[in-house]
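Fold and contact review
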Amino acid sequence: MVGMRPPRVLVVDDEGAIRDIVRRYLEADGFEVAEAAGGDDALARFASFEPDLVVLDLMMPGMDGLEVLRSLRARSDVYVILLTAKADEVDKLVGLSVGADDYLTKPFSPRELAARVRAVLRRRRDAARPGVDREILGFDDLVIDTARREVRRGGHDVDLTALEFDLLAALAESPGRVYSRRQLLERVWGWDYVGDERVVDVHVRNLRRALGDDAADPSVIGTVRGVGYKFVAAPA
């Protein structure tokens, strides 16, 4: 539950049959669902419906999914799961690089999509647990406020998506500890995540870019070749 209402999901796809089956599965899981058949409709419905998560088709006539995603990111850090009919990994990673949290390739299982939605929204509930959301983490010139979900580096605000913040906070909670991609997926995406582990690499790359961190000479997030990642910034 989000407050006293069911979580809201906006389903954006130009194929009515897909919207219908996704709606039925999500509503059966207790979600409140709205639909949009295209990009302009999606942005209008987003403003009025105020969803907690958007399921967004990548390939649509007119304004495509990437354009919609960029527009959403300019105004909100709402969670976004992409649907793509393209098998090319590059297309999926491009979507993630502009702020998507996860993706599924068509044809997909509506049951798996519903599980992904639950896992993504569970991250927010976990982030709000008492005892976790009151801590301010300080490292060198980096400050992470987990209560306000704010990050500052060198005295300047760092603009992160919700997932990027969750990933940074997960790493920063245990400085020096090496996490495998699978471990980060379980901590940030949820234990039942069944997607491609390379999604972690994309979000780490985005996170480094936002923080101004150099992968070749990292001061915040280090790579452990063949294993995963670790937080390398020294405590303040």
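See the structure shown above.
Notes on the structure follow.

With that settled, consider unusual backbone geometry. Omega for the peptide link from Lys106 to Pro107 comes to -10°, which places this bond in the cis form. Positionally, Pro107 belongs in the loop between strand 5 (102–105) and helix 5 (110–127). Non-glycine residue Glu50 carries a positive phi angle of around 50°. Considering the arrangement of structural elements, one finds Glu50 in the loop between helix 2 (39–49) and strand 3 (53–57). Assessed through its relative accessible area of 55%, Glu50 is described here as exposed. The phi dihedral of Asp140 is positive, around 45°, even though this residue is not glycine. Structurally, the position occupied by Asp140 is in the loop between strand 6 (136–139) and strand 7 (142–145).

Glancing now at the pattern of salt bridges. Summed over the entire model, instances satisfying the criterion amount to 18 salt bridges. A salt bridge links Arg8 to Glu32; the nearest nitrogen and oxygen atoms lie 3.5 Å apart. Within this pair, whereas Arg8 is found in strand 1 (residues 8–12), its partner Glu32 is found in strand 2 (residues 32–36), the two being separated by 24 residues in sequence. For Glu35, the salt bridge goes to Arg23, with nearest N and O atoms at 2.6 Å. One end of the pair, Glu35, is in strand 2; the other, Arg23, is in helix 1 (residues 16–28), and 12 residues separate them in sequence. Among the residues examined, Glu35 registers a relative accessible area of 23% and is labelled partly exposed.

Another point: helix 8 (residues 199–211). For an α-helix, the turn length of 3.6 residues means that residues three or four places apart are oriented alike. An ideal rise of 1.5 Å per residue puts 18 Å on 13 residues; helix 8 measures up with 19 Å between its terminal C-alpha atoms. Within helix 8, 10 of the 13 residues are buried, leaving the element largely enclosed by the surrounding structure. One or two residues past the end of helix 8 sits Gly212, with phi positive at roughly 70°.

Criteria and thresholds
- Residues numbered from 1 in each chain as written.
- Predicted model: local features only at pLDDT ≥ 70, side-chain atom pairs only at ≥ 80, totals over all residues.
- Heavy atoms only, no water.
- Helix = DSSP H or I, 4+ residues; strand = E, 2+ residues; numbered from the N terminus.
- Buried < 20%, exposed > 50% of the residue type's maximum accessible area, 1.4 Å probe, protein only.
- Salt bridge = Lys/Arg side-chain N within 4 Å of Asp/Glu carboxyl O.
- Expected span 1.5 Å × (residues − 1).

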